[in-house]
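A structural walkthrough
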Amino acid sequence: MMALARMGIEYPRRLRAEGRAEGRAEGRAESLVQQRALLIRVVTRKFDAESAESLEPLLAAVDDAARLAEVADWIIDCDTAGDLLARVSQAGNGR
């Protein structure tokens, strides 16, 4: 009987913890999507739409927020889209 009572208390706690973890993962994924979209927008404005299209698949492979922040710095630092694309290609996902 005590085991059932304990399960009745622990089960909802476990479900809530799992829900919070899923929510954090979804929030992180959405944040990365927004960061990538912003980088594509900036590259379009600084260079051109063709460069942004070339960058998009490279950024899609990046799942690290720090690497995306680094790409933002490179957009500012690079004088040409070719330089930027080469840097992002060489760097990869940073793992």
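Residues numbered from 1 in each chain as written. Predicted model: local features only at pLDDT ≥ 70, side-chain atom pairs only at ≥ 80, totals over all residues. Heavy atoms only, no water.

**Things to note about the overall build of the protein**
- What the protein contains, in helices and strands, is four helices and zero strands.
- Shown N-terminal to C-terminal, the secondary structure of the protein runs as helices and strands in the order α-α-α-α.
- The proportion of buried residues among the 95 residues of the protein is 23%.
- In the protein, once contacts between residues fewer than 6 apart in sequence are set aside, the share between residues at least 24 apart is 66%.
- For the protein, the exposed surface amounts to about 6,800 Å²; the carbon and sulfur share of it is 55%. (Helix = DSSP H or I, 4+ residues; strand = E, 2+ residues; numbered from the N terminus. Buried < 20%, exposed > 50% of the residue type's maximum accessible area, 1.4 Å probe, protein only. Contact = heavy atoms within 4.5 Å. Areas by Shrake-Rupley, 256 points an atom, 1.4 Å probe, with all protein chains shown as cover.)

**Some points on the nonpolar core**
- Residues Val-43, Leu-55, Leu-59, Val-71 and Leu-84 are the most contacted members of the largest nonpolar core, which totals 18 residues.
- Secondary-structure elements contributing two or more residues to this core are helix H1 (2-46), helix H2 (49-60), helix H3 (65-77) and helix H4 (81-91).
- In contact with Leu-55, not counting residues within four places along its chain, are Ile-40, Val-43, Leu-84, Leu-85 and Val-88. (Core = buried A, V, L, I, M, F, W, Y, C linked by side-chain atoms within 4.5 Å.)

**Structural notes on the pattern of salt bridges**
- Taken as a whole, this structure holds one salt bridge when the rule is applied.
- Two residues, Arg-67 and Glu-70, come together in a salt bridge whose shortest N-O distance is 2.5 Å. Taken as a pair, Arg-67 and Glu-70 lie in helix H3 at a separation of three residues, close to a single helical turn. (Salt bridge = Lys/Arg side-chain N within 4 Å of Asp/Glu carboxyl O.)

These figures capture arrangement, not role.
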